[in-house]
Amino acid sequence: MDDIVTEFLVESLEGLDQLDNDFVALEQNPGDKDLIANIFRCIHTIKGTCGFLAFSKLEAVTHVGESLLSHLRDGDLQITPEIISALLTLVDAVREIMACIEADGNEGSKDYPELIAELERLGAGVGAPEEAPPEPEPEPEPVVEAAADEAPLPQAMIDFKPVKAKRRTKPEEVAASAPEPTPPAAPAPAPAPKAAPKPEPTKRASQKESSGAVADASIRVDVGLLDNLMTLVGELVLARNQVLQHTTQNSDAALNATAQRLNHITSELQDSVMKTRMQPIGNVWSKFPRIIRDLAATCGKKIKLELEGQETELDKTILEAIKDPLTHIIRNAADHGIESPEERVSAGKPAEGTVVCRAYHEGGQVNIEISDDGGGIDPQRVLRKALDKGLIGPEEAVRLGTREILSLIFLPGFSTAEKVTNISGRGVGMDVVRSNIERIGGAVDINSSYGQGSALKIKIPLTLAIIPALTVTCREQRYALPQVSLLELVRLEGETAVRGIERIQGVPVHRLRGNLLPLIYLDEVLDHPPVERPESDDEPIVNIVVLQADGQSFGLVVDEINDTEEIVVKPLASLLNDIVTFSGATIMGDGSVALILDVLGIAQVAGLHERGDRQARELESENDASSGRQETLLLFTAGEDHRVAIPLSTVSRLEELPASRIESSGRTSVLQYRGRILPLVYLADALGLQRPSRDDDVVEVIVYRHNGAQVGLVVQEILDIVDDDLVIHRFESSGAVVGSVVIDERVTDVVDVAAAVTASNVPLYRHDGQEAPA
Amino acid sequence: MNHDRQYCTFFVDGLHFGVPVLGVQEVLRYQPMTPVPRAPSIVRGLINLRGQIVTAIDLRMRLDMAPRKGERPPMNVVLRMQQDTVSLLVDEIGDVIDAREDTFEPTPRTLHPTTRELINGVYKLEKSLLLVLDTENVLADIVAA
């Protein structure tokens, strides 16, 4: 797209964001002339420029808005909510057209006749005699405006001079242009708008000078350039670390002094470059007044929004990431939190509800609190809802404290809104908010007292590019753990290391100050083959890093805990993106690469207790034609020497039983097995093979769990358990045989047992003897 | 079909391979690597290449060949790919060769299927056959795996 057009869009959109707030403010202070003047100027500039760039639709729309605004500015019209709404619609329309221009360079197919008519009608509400034909104005004005705006555009990237030039020419231009339109235009409206700024020219001028000074000192820079700069500084930090490491072994005083200087300068440079990426959170919040206003209008509520700490700065990428979650929370607060005025009054509160957004720095992090004095959250209702939706079990529900109950709203599929409005409450709410915030290494917490209001507290890191991290060692490899998720470090030595770890069904736990802390061994999560831990030759030592993820804490057992340092986060290559346990990589002081552990991912991997289910699902996934992955398969023959394999994880037990124990029930063969009736499936039949003709009186049965019931698979001979990187060549067909694999140089069919069992139509028995659905 | 007919060549398991020279960022001696647990087995590790993190792909593993024997560490052929920079681990580096268009032939159909997928064609050089490696395919299938 044309540079000039791009620049026009960037500038105008910035102006429009400001407009939203100005309008909302104007509604509260209808008399504020400065505000009207600001709004007028913004619309006027857009109109002028788009005339120059030949965006006629945009010009037509902004033109009627400008006429209306000029009446407001002159005091010919009183500001009413109706007018504000119409003007806000105008702003939306302008945005819409600009979005079209941005997308494909033209103004889109939409005309806005109703809007134009509405604005004209409102503008015509001025005393009938002054009914100024709006036509005369555009003709002289675009020319003047174009001349004024032409100057800044070519020097697109730098605001420095153009702004000054613009500001300087403006007063003269206003003065100069004032007489010009006077003759053609109707007497009343035309001279008045131009005259209006005149009574206070000195004040205006000085204001302009001061705001101009700020603008003069700023340069518009491409974000990509800043990103690049940040990367380079990251490199410099690493190089610095390496230099420092070398100089510590060197006694050359001059070199050491230089290294120290390099150290200081690098740190300062790092700080400064980080600051260039920082933006005040107010940039995101600037949308909120409008959102609240619109919400209040549609819901018939009275809501006041208070913003505190707008100047709190955050890295741009983080700001982008929290934009949507914050907007969602604000909407929730206004829509569900704040009650209707009547309810509020009857509850003894002021009719006007308040939503407060507060942001502040604390301990290298940014805290954002969003609170409202609305109805709060009813814990009982949350609990009922969670039970209804089956998110928690009844026995769990009894044990939950109020805080834990409240945090249930972050579970996927939870929405308490009794009625779904078009504003919020579609069930894709707080869980998305939480996962978005956790993705950037943040945490979210909710507090609410029923009837008094609720408060959400969000903690987020200042930046993502360089983060403090703890380095740990596991199997000779170093890994970095982001410090945001770190709670504490626990070291068990000697006797405590042995007694301190207890197991529940093989799952290790540690009693940490009376609470059970589930333990995850990092080497297991990273699929390292188990090693014989050296026992008794040394004092046994267990290092536990206590981490927090998804609102739960767990202990990560590592071989060694090293150090904390600032690391530069680098993304992993796209072919490694699927590995959930790593969020990136970094380069350590000695130049080696270390992987950054993803705490959420580790919890996810370790949380999958039902490995079997996962593997079965992987086996069933049909989309990849062939894939190599680690799988443990049970190898056996079914039918005459036909080799078949199934995932071992789906197998409960292997039994060898005398054939005489097989009985029948209906048309199915069954076994009495551990006090239950076990239906049998002859796998040979299911696969369309010949049934094994065995001489001896023994049958081999694989006991398999199927939908909570057990089934016995009768096979010919159980051969082996193979554990290897197997390439499964999958078939397109949907039958029970899902593919083939070469084991011991023989082709072996891989069978989807679930499909085979379902196809065989045997009745399944639940534990209570009822027939279970297949 | 191959307009850039200059090839950076290397040897893997006795076979002579080539990649278009324009796609090669550099050729390096063995670099220390950080292994990536849970990664596809073809990924040997991550290399720090002057601050850039490069993923090292074991070409022998990719081509279903026997693992490398002996003490000689693998060499790196660093390729610029669409999104990432990857390094192919190879046995030995060969010359940069100007291949003549009229010596090109499509891949023989009887080759090992994995090899056939990864090869665009063959140049009949005087002393050897130069197999043109399809670099995009080398990665494409790993992503799927």
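Residues numbered from 1 in each chain as written. Chains lettered and ligands numbered in written order. Predicted model: local features only at pLDDT ≥ 70, side-chain atom pairs only at ≥ 80, totals over all residues.

Draft legend 1. A look at the overall build of chain B. Across its full length, chain B holds three helices and eleven strands. Put simply, chain B runs from its N terminus to its C terminus through helices and strands in the order β-β-β-β-β-α-β-β-β-β-α-β-β-α. Per-residue burial for chain B yields a buried fraction of 37% across its 145 residues. Taking the intrachain contacts of chain B between residues at least 6 apart in sequence as the baseline, contacts between residues at least 24 apart amount to 55%. (Helix = DSSP H or I, 4+ residues; strand = E, 2+ residues; numbered from the N terminus. Buried ≥ 20, exposed ≤ 12 C-beta atoms within 10 Å, placed from the backbone. Contact = placed C-beta atoms within 7 Å.)

Draft legend 2. Local environment of the sheet that holds strand S4 (residues 353–362) of chain A. Residues and elements named next belong to chain A. Judged by pairing direction, the sheet is mixed, and its five strands sit side by side in the order S2-S4-S5-S7-S6 without closing on themselves. The open sheet has two free edges, formed respectively by strand S2 (303–308) and strand S6 (443–449), since each of these has just one partner strand. Adjacent strand axes in the sheet meet at a mean angle of 15°, parallel and antiparallel pairs treated alike. Alignment of S6 against strand S7 (residues 453–461), held across seven bridges, turns out to be antiparallel. Residue serine 448 lies in a different strand from S7, and its bridge partner there is serine 454. The strands that helix H19 (residues 430–439) touches are S6 and S7; relative to S6, the one it contacts most, it runs at about 140°. (Pairing = 2+ DSSP bridges. Axes fitted to C-alpha atoms, helices over the stretch in contact; angles between N-to-C directions.)

Draft legend 3. The interface of chain B and chain A, seen in detail. The partner chain A presents 24 residues to the 23 residues of chain B that form the contact. Within the residue set of the side of chain B that touches chain A, elements represented by two or more residues are strand S4 (43–49), strand S5 (52–58) and helix H3 (135–144) of chain B. Each residue belonging to the side of chain B that touches chain A can be placed in one class, and the counts come to 15 nonpolar, six polar and two charged. (Nonpolar A, V, L, I, M, F, W, Y, C, P; charged D, E, K, R; others polar.)

Draft legend 4. Main features of unusual backbone geometry. Residues and elements named next belong to chain B. The phi angle at aspartate 13 is positive, at roughly 50°, despite the residue not being glycine. Take aspartate 13: it is sitting in the loop between strand S1 (6–12) and strand S2 (15–20). Owing to 14 C-beta atoms within 10 Å, aspartate 13 belongs among the partly exposed residues under this scheme. The phi torsion at aspartate 64 lies on the positive side, around 60°, for a residue other than glycine. Take aspartate 64: it is sitting in the loop between helix H1 (59–62) and strand S6 (75–80).

Draft legend 5. Broad picture of the packing of helix H3 (residues 56–74) of chain A against helix H5 (residues 113–124) of chain A. Residues and elements named next belong to chain A. The N-to-C vectors of H3 and H5 enclose an angle of 20°; their axes lie 9 Å apart at closest approach. It follows that H3 is roughly parallel to H5 by the angle criterion. As H3 packs across H5, the resulting crossing turns out to be left-handed. Contacts from Ala60, Val61, Val64, Gly65, Ser67, Leu68 and His71 in H3 reach Leu115, Ile116, Leu119, Glu120, Leu122 and Gly123 in H5. Residue classes in the contact of H3 with H5 are distributed as eight nonpolar, four polar and one charged. (Parallel < 35°, antiparallel > 145°, perpendicular 65-115°, else oblique. Left-handed = near helix turned anticlockwise from the far one by under 90°.)

Draft legend 6. Looking closely at the nonpolar core. Judged by nonpolar contacts, the single largest core of 80 residues is most densely connected at Leu481, Leu556 and Leu597 of chain A together with Ile57 of chain B. The biggest single contributor to this core is strand S8 (residues 466–474) of chain A, with six residues. Beyond its immediate chain neighbours, meaning those up to four positions away, isoleucine 57 of chain B contacts Ile42, Val43, Arg44, Arg62, Val86, Ser87, Leu88, Leu89 and Val138 of chain B. Judged by nonpolar contacts, the second largest core, of 43 residues, contains Leu295, Ile303, Cys357 and Ile368 of chain A. (Core = buried A, V, L, I, M, F, W, Y, C linked by C-beta atoms within 7 Å.)

Draft legend 7. Focus on the pairing of S6 of chain B. Residue and element names in this part refer to chain B. Relative to S6, strand S3 (residues 24–28) is paired through four bridges, and the arrangement is antiparallel. The residue bridging glutamate 26 from the neighbouring strand is valine 78, located in S6. As paired elements, S6 and strand S7 (residues 85–90) share six bridges and run antiparallel to each other. Its bridge partner being in S7, valine 78 is matched across the sheet by serine 87. The turn joining S6 and S7, which pair antiparallel and follow one another in sequence, is formed by four residues.

Draft legend 8. Broad picture of the sheet that holds S1 of chain B. All names here are of chain B. The mixed open sheet is built from six strands, whose spatial order is S8-S1-S2-S11-S10-S9. With one partner strand each, in any of the chains shown, strand S8 (92–98) and strand S9 (104–105) form the two edges of the open sheet. Pairing of S9 with strand S10 (residues 119–124) involves two bridges; the strand directions are antiparallel. Opposite phenylalanine 104, over in S10, you have tyrosine 123 as the bridge partner.

Draft legend 9. Structural view of helix H25 (residues 753–760) of chain A. Residue and element names in this part refer to chain A. Buried within H25 we find Val753, Ala754, Ala756 and Val757. The arc that holds the buried residues of H25, viewed along the axis, is 165°, so those residues lie on one side. Of the residues trailing H25, asparagine 761 is marked for its positive phi of about 60°. (Arc of directions from axis to C-beta.)

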